[in-house]
Amino acid sequence: MSHTSFLPTVHILYENPAWLPPLVSALEAEGFPIRLVELDQGILDPSATPEEGIWINRISPSSHTRGHNDSVGLAREVLFWLESHGRRVINGSQAFELEVSKFRQDRLLQKHGIRTPKTVLVVGRDQALEEAGRFDGPFITKHNQGGKGLGIQLFRDVEGLANYLDSDSFDPGPNRQLILQEYIRPPQSFITRVEVAFGKFVLAMRSSTEEGFELCPSDACQVQPKRPDVCPADGGSKFSASPVDADDPLVASYISLCKSEGVDVAGIEFVEDAEGNRYTYDINGTTNFNQVLGREIGVDGMREIARGLRSEVLRERRLRARVAS
Ligand SMILES: Nc1ncnc2c1ncn2[C@@H]1O[C@H](COP(=O)(O)OP(=O)(O)O)[C@@H](O)[C@H]1O
Ligand SMILES: [Mg+2]
């Protein structure tokens, strides 16, 4: 028996198997026993008691793009069930409802004093066009339940949006809720993603926006490089180190938002305009890391998450022992 086998089992709720290996190896390296729970189809008996242990929610807002149309809805019920039984869920229902709504993200970012691009939720063609007319400059559309940059389009005017909404290429997303958002043009083509876990800064990275809006950092998402001249192994990857660090006031605001809004783990993205103003627009709970970059900066993101979880378990245990004695 290994010295760490006293750690509780971690049950991983997932729908995308491609994102599992880095998380599973990191948790195993910290000594956690693992159980995988696929969430797409399933049976949920409200009178059943969930297994003991810690649960991690890894259901992504983009699950419908992998044919898992029912994962988000099923996850909601499972999270309710687990929490009603008092189970510890990493990125539980509060974090999940935030992750699947860019509208709520914008609301809470503003509430925590974090600058965001002008953002509106619209449902309905006429409503979208009416609201688009109120933007001064270029704007983009996104799915309110977003993910992977899919469905993101840039427009200069209402006519452009009208043509798009009436075209066959228009994808209304999983629930027909669209976000219209002010487009912030980065003078250098990158955005910054800050990873936080268990109230601590993990890393910050830059993602090049030269190839478009699909910027998932997971290695599993880097299958076909669109530019064959750019080899990730040469450091020519679209991901690079960022000077943003734990002392940055924006990072402190992110950590405070996560702590007060029940978010254990998140990759949070901002874009910087020509004047150096930083606009935050995306909170990803189901975050992934790029291994090439991780090696370069010497931070294994998933390992940091696993370490954070282990520290939490040991801290809780010490607290309970103190109360009992
Ligand atoms: N308001 C914005 N201004 C400029 N670029 C943006 C804006 N919002 C999103 N983008 C670009 O589109 C990408 C995907 O948008 P995001 O909101 O992160 O959606 P997703 O949840 O699909 O990742 C971003 O990483 C960024 O490059
Ligand atoms: Mg994003």
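Rules behind the numbers
Residues numbered from 1 in each chain as written. Chains lettered and ligands numbered in written order. Predicted model: local features only at pLDDT ≥ 70, side-chain atom pairs only at ≥ 80, totals over all residues. Heavy atoms only, no water. Pairing = 2+ DSSP bridges. Helix = DSSP H or I, 4+ residues; strand = E, 2+ residues; numbered from the N terminus. Axes fitted to C-alpha atoms, helices over the stretch in contact; angles between N-to-C directions. Contact = heavy atoms within 4.5 Å. Right-handed = clockwise from strand over helix to strand, strands pointing away. Buried < 20%, exposed > 50% of the residue type's maximum accessible area, 1.4 Å probe, protein only. Salt bridge = Lys/Arg side-chain N within 4 Å of Asp/Glu carboxyl O.

1. Digging into the sheet that holds strand β6 (residues 139-143)
In step 1: Spatial strand order, β5-β8-β6-β7: 4 strands in an open sheet with antiparallel pairing. Every other strand in the sheet has two partners, leaving β5 (119-122) and β7 (153-155) as the edge strands with one partner each. Shown here is a sheet whose adjacent strand axes are inclined to one another by a mean of 25°, direction ignored.
In step 2: Bridge count between β6 and β7: 3 bridges; the pairing is antiparallel. Following the sheet pairing, threonine 141 is matched in β7 by glutamine 153.
In step 3: Contacts between helix α5 (residues 125-132) and the sheet are confined to β5, β6 and β8 (178-182), with β5 contributing the most and set at about 160° to the helix.
In step 4: Of the strands in this sheet, β6, β7 and β8 touch helix α6 (residues 158-165), which is tilted by about 145° from β7.

2. Observations concerning the pairing of strand β2 (residues 34-38)
In step 1: One ladder, built from 5 bridges, connects strand β1 (residues 10-14) with β2; its direction is parallel. The residue bridging isoleucine 12 from the neighbouring strand is leucine 36, located in β2.
In step 2: In this region the chain leaves β1, passes through helix α1 (residues 20-29) and returns to the parallel neighbour β2; the handedness of that crossover is right-handed.

3. Concerning the side chain of aspartate 248
In step 1: Within the element layout of this structure, aspartate 248 appears in the loop between β11 (239-241) and α7 (249-260).
In step 2: Its relative accessible area of 12% is what places aspartate 248 among the buried residues.

4. Section: the pattern of salt bridges
In step 1: Tallied over the full model, the rule gives 18 salt bridges.
In step 2: For glutamate 15, the salt bridge identified is with arginine 66, shortest N-O distance 2.5 Å. Of this pair, glutamate 15 sits in the loop between β1 and α1 while arginine 66 sits in the loop between β3 (54-58) and α2 (71-84); the two residues are 51 residues apart in sequence, bridging distant segments of the chain.
In step 3: Assessed through its relative accessible area of 0%, glutamate 15 is described here as buried.
In step 4: A relative accessible area of 23% means that arginine 66 is categorised as partly exposed.
In step 5: Between arginine 125 and aspartate 126 there is a salt bridge whose closest N-O contact spans 3.7 Å.
In step 6: What makes arginine 125 partly exposed here is its relative accessible area of 39%.

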